[in-house]
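# Summary of structural features
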Amino acid sequence: KRPADTAPPGAASGKKAKTSEWKLAGSLRKVQVSEWNGKPFVNVREYYVKNDQELPGRKGMNLPLSQFQELCRLVPAIEEALETKDSDEEKRRWMLSSRRRVAVREYGGAWLVDIREGYEKNGE
């Protein structure tokens, strides 16, 4: 049985309260600051439009405050990597946690900042 203070994945109920939201210019991406069980989180998520309503998509990540602070600390290095476009991939990749990483990479001729969560084979 699920503990009383946790909501099922994707549920809007529970002890979560949205506090702030920003839409990133020119896209359907939003950044939200919220609280869950008294702990702050920063949610970066892509949205889609259905029946003239913006709805949260599956692509996105909810960062605990410590990982968001690490991402903020990395901003100067990320900006430098975007400027120099260094061919050494190791100089364009940083870890936020044991499974989450930030990378500067080229895709379709454009340089972008990629934040991903990785898993081992078999979901480990």
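Right above here is the structure, for reference.
Fair warning: this is a prediction, and the values are worked out from it, not measured in the lab. (Residues numbered from 1 in each chain as written. Predicted model: local features only at pLDDT ≥ 70, side-chain atom pairs only at ≥ 80, totals over all residues. Heavy atoms only, no water.)

## Observations concerning the packing of aromatic side chains
Going through the model one piece at a time under the given rule, you end up with 0 aromatic pairs. Sitting over the ring of Tyr47, Lys30 keeps its end group 4.5 Å from the ring centre. (Phe/Tyr/Trp six-rings, centres within 6.5 Å; stacked < 30°, edge-to-face > 60°. Lys NZ or Arg CZ within 6 Å of the ring centre and 35° of its normal.)

## Here we look at the sheet that holds strand 5 (residues 93-95)
As summarised here, the arrangement of the 3 strands in space is 5-6-7, forming an open sheet in which the pairing is antiparallel. Here the strands that pair on one side only, and so sit at the sheet edges, are strand 5 and strand 7 (110-117). Here the average twist between neighbouring strands, direction ignored, is 20°. Across 8 bridges, the pairing between strand 6 (residues 100-107) and strand 7 is antiparallel. Across the sheet, Arg101 pairs through a bridge with Arg116, a residue of strand 7. Packing of helix 1 (residues 65-84) onto the sheet brings it into contact with strand 5, strand 6 and strand 7, and relative to strand 6 it is tilted by some 25°. (Pairing = 2+ DSSP bridges. Helix = DSSP H or I, 4+ residues; strand = E, 2+ residues; numbered from the N terminus. Axes fitted to C-alpha atoms, helices over the stretch in contact; angles between N-to-C directions. Contact = heavy atoms within 4.5 Å.)

## Some words on the pattern of salt bridges
The tally for this structure, following the rule as stated, stands at 11 salt bridges. Linking Glu46 and Arg29 is a salt bridge whose minimum nitrogen-to-oxygen distance equals 3.1 Å. Of this pair, Glu46 sits in strand 3 (residues 39-50) while Arg29 sits in strand 2 (residues 29-36), and the two are 17 residues apart along the sequence. Residue Glu46 is classed as partly exposed on the basis of its relative accessible area of 29%. Here Asp86 makes a salt bridge to Lys91, at a shortest N to O gap of 3.9 Å. The exposure class assigned to Asp86 is partly exposed, which follows from its relative accessible area of 25%. When salt bridges that share partners are traced, they join Glu21, Lys23, Lys30 and Glu54 into one network. (Salt bridge = Lys/Arg side-chain N within 4 Å of Asp/Glu carboxyl O. Buried < 20%, exposed > 50% of the residue type's maximum accessible area, 1.4 Å probe, protein only.)

## Some thoughts on helix 1
The end-to-end C-alpha distance of helix 1, which contains 20 residues, comes to 29 Å, matching closely the 28 Å that a straight helix rising 1.5 Å per residue would cover. Along helix 1, the helix axis deviates most sharply at Val75, where the bend reaches about 45°; the proline Pro76 sits within four residues downstream. Among all positions of helix 1, only Gln67, Leu71, Leu74, Ile78 and Ala81 are buried. Against strand 4 (53-64), strand 5, strand 6 and strand 7 lie the buried residues of helix 1. Two residues or fewer after helix 1 comes Lys85, characterised by a positive phi angle close to 50°. (Expected span 1.5 Å × (residues − 1). Bend = angle between axes of the 7 residues up to and from the residue.)

## Let's talk about the pairing of strand 3
Sheet topology note: the strand 2/strand 3 ladder contains 8 bridges and is antiparallel. Paired with Val33 across the strands is Val42, a residue of strand 3. Between strand 2 and strand 3, which pair antiparallel in sequence order, lie 2 residues; one of them, Asn37, sits at a positive phi of approximately 50°. Relative to strand 4, strand 3 is paired through 9 bridges, and the arrangement is antiparallel.

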